[in-house]
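# Structure at a glance
Okay, here's what each chain looks like letter by letter:
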Amino acid sequence: FIAKPCAINLGIQDSGPHRAQPNAILEKVFTSITKSPDGKRLEGLSKQLDWDVRKIQRWFRHRRNQDKPTTLTKFCESMWRFTFYLSIFFYGIRFLWTAPWFWDTRQCWYNYPFQPLTSRLYYYYILELAFYWSLMFSQFTDIKRKDFLIMFVHHLATIGLITFSYMNNMVRVGTLVLCLHDASDFLLEAAKLANYAKYQRLCDAFFMLFGVVFIVTRLGIYPFWILNTTLFESWELIGPYPSWWLFNGLLITLQILHIIWSYLIIRTASKALVRGKVSKDDRSDVESSSEEEDVTSNSTKGVFSTSSNGSNRINGHVASGQWTEE
């Protein structure tokens with residue numbers, strides 16, 4: 001009701017990738033046997049249909065792509081995520097601005113575990129937990145990407161941390177972790193929205209800002225502010241409580257994921273700056289033929305340009321630019 005009219009006003013059409021030529025034999029193989037036939041099967045189909053092997057490969061590529069979501073669908077999903085991330089981030093900032101533990105992390109452990117659970121803190125936690133559960137479930141119905149396992153581990157660790165910290169009344173430090181993670185997510189979704197709408201410079205600007213905020217918060221503030229208080233200040237103030245190892249183990253798991261994603265972001269940015277354009281993203285959900293890739297390579301001018309097939313989806317759901325895919 002909201003995102004779709006916005007997308008249409010921005011000129012985003014509800015059209016998907018190039019559709020494969022109708023062929024009963026190939027369609028039966030695709031639906032009943034395999035979506036990616038090996039060399040032996042391709043040779044057999046080539047003899048049966050009197051088609052060139054390359055033509056059959058192209059047919060299967062187009063057939064796989066036509067099941068992918070349209071740019072309009074991805075715009076609507078990104079707009080929903082952008083709305084949630086932005087809203088929850090400002091809610092968290094507004095709530096934490098007056099919280100003493102936001103300015104002094106040692107306050108997270110004073111009088112623990114006898115710390116009151118206010119209604120605002122409760123709703124903040126429940127909203128975040130509900131959202132990450134939705135991501136966990138939707139991941140199995142979304143397009144399966146190469147970072148599926150990483151995102152699965154991330155969602156498990158996040159849900160485990162939210163639930164565990166709530167059950168153990170570690171909600172003060174939990175709110176800091178949640179707010180810190182929300183600080184960059186809405187910028188990534190904004191970059192995706194700009195990309196779908198083909199606002200190239202705005203997309204590049206949002207992604208650059210996202211990269212800076214992500215690295216500062218996840219590689220700077222998180223380890224030196226959050227991990228410092230959970231590893232050292234908590235040990236000093238309340239001692240090694242029974243769940244200390246599990247709690248910090250989950251937090252360190254998140255930090256490892258932060259390092260992996262930061263590497264991907266920096267690698268993508270470096271390639272774009274060196275080449276002056278974005279190369280094909282190996283995490284793309286739309287497979288391009290060699291001809292399409294040549295067109296894309298020759299026509300790419302921006303740091304985050306849209307490829308000729310114009311479609312893509314990071315845990316995202318990005319169009320075919322490599323910026324936000326990584």
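The rules behind each value
- Residues numbered from 1 in each chain as written.
- Predicted model: local features only at pLDDT ≥ 70, side-chain atom pairs only at ≥ 80, totals over all residues.
- Heavy atoms only, no water.
- UniProt positions renumbered as here; feature names shortened; annotations may be inferred.
- Helix = DSSP H or I, 4+ residues; strand = E, 2+ residues; numbered from the N terminus.
- Buried < 20%, exposed > 50% of the residue type's maximum accessible area, 1.4 Å probe, protein only.
- Areas by Shrake-Rupley, 256 points an atom, 1.4 Å probe, with all protein chains shown as cover.
- Axes fitted to C-alpha atoms, helices over the stretch in contact; angles between N-to-C directions.
- Parallel < 35°, antiparallel > 145°, perpendicular 65-115°, else oblique.
- Left-handed = near helix turned anticlockwise from the far one by under 90°.
- Contact = heavy atoms within 4.5 Å.
- Salt bridge = Lys/Arg side-chain N within 4 Å of Asp/Glu carboxyl O.
- Phe/Tyr/Trp six-rings, centres within 6.5 Å; stacked < 30°, edge-to-face > 60°.
- Core = buried A, V, L, I, M, F, W, Y, C linked by side-chain atoms within 4.5 Å.
- Nonpolar A, V, L, I, M, F, W, Y, C, P; charged D, E, K, R; others polar.

Where an unreviewed UniProt entry is consulted, the protein appears under the name CERS5 synthase, with the organism given as Mesembrinibis cayennensis. In the Catalytic activity (unreviewed entry) part of its UniProt record, the protein is described as follows: "sphinganine + octadecanoyl-CoA = N-(octadecanoyl)-sphinganine + CoA + H(+)".

## Concerning the overall build of the protein
Each helix and strand in the protein was counted, giving 13 helices and zero strands. When the helices and strands of the protein are listed from N to C terminus, the series reads α-α-α-α-α-α-α-α-α-α-α-α-α. Evaluated residue by residue, the protein yields a buried proportion of 51% over its 326 residues. Entry remark: accessible area of the protein is about 16,200 Å², with carbon and sulfur atoms responsible for 63%.

## With respect to the packing of helix H2 (residues 24-32) against helix H4 (residues 53-65)
Each pair of packed helices gets described by two things: the angle between the helix axes and the distance between those axes. Axis separation between H2 and H4 bottoms out at 11 Å; the angle between their running directions is 55°. When the interaxial angle is binned, H2 and H4 end up oblique. By crossing handedness, the relation of H2 to H4 is classed as right-handed. Residues Leu-26, Glu-27, Val-29, Phe-30 and Thr-31 of H2 touch H4, and the partners they reach there are Ile-56, Trp-59, Phe-60, Arg-63 and Arg-64.

## Side note on the UniProt feature "transmembrane region" (unreviewed entry) in the protein
Per the UniProt record, the feature "transmembrane region" (unreviewed entry) sits at residues 82-102, 122-141, 148-167, 206-225 and 245-266. For residues 122-141, the helix share is 85%, the strand share is 0%, and the end-to-end C-alpha distance is 30 Å. Across residues 245-266, the secondary structure splits into 100% helix and 0% strand, with the terminal C-alpha atoms separated by 31 Å.

## Thoughts on the pattern of salt bridges
Using the criterion set out here, one finds four salt bridges in the structure. Between Glu-189 and Lys-192 there is a salt bridge; the shortest N-O distance is 3.1 Å. Of this pair, Glu-189 and Lys-192 both sit in helix H9 (residues 171-196), three residues apart, which is roughly one turn of that helix. Summarising the burial analysis for this pair, Glu-189 and Lys-192 share the class buried.

## Re the packing of aromatic side chains
Throughout the structure, instances matching the rule amount to 27 aromatic pairs. Ring geometry for Tyr-85 and Phe-131: centres 5.2 Å apart, planes at 80°, overall edge-to-face. Of this pair, Tyr-85 sits in helix H5 (residues 71-96) while Phe-131 sits in helix H7 (residues 119-138), and the two are 46 residues apart along the sequence. The pair formed by Tyr-85 and Phe-131 is uniform in burial state, with each residue classed as buried.

## Regarding the nonpolar core
Leu-96, Trp-101, Tyr-222 and Phe-247 are the most contacted members of the largest nonpolar core, which totals 56 residues. Mapped onto this core, the elements with two or more residues apiece are H5, helix H6 (100-103), H7, helix H8 (148-167), H9, helix H10 (200-238) and helix H11 (244-275). Looking at this core, the element that brings in the most residues is H9, giving 12 residues. Setting aside anything within four residues of it in sequence, one finds Phe-247 in contact with Trp-109, Leu-161, Phe-164, Ser-165, Met-170, Val-173, Thr-230 and Tyr-241. Among the nonpolar cores identified, the runner-up in size contains 10 residues, and Leu-26, Leu-45, Leu-49 and Ile-56 belong to it.

## So, the packing of H7 against H8
Where H7 contacts H8, the two axes come as close as 10 Å, and the packing angle between them is 155°. Between H7 and H8, the angle falls in the class roughly antiparallel. Judged by the twist between their axes, the crossing of H7 over H8 is left-handed. Seen from H7, the contacting residues are Tyr-122, Tyr-125, Glu-128, Leu-129, Tyr-132, Trp-133, Leu-135 and Met-136; seen from H8, they are Phe-152, His-154, His-155, Leu-156, Thr-158, Ile-159, Ile-162, Thr-163, Ser-165 and Tyr-166. Of the residues assigned to the contact of H7 with H8, the class counts are 12 nonpolar, five polar and one charged.

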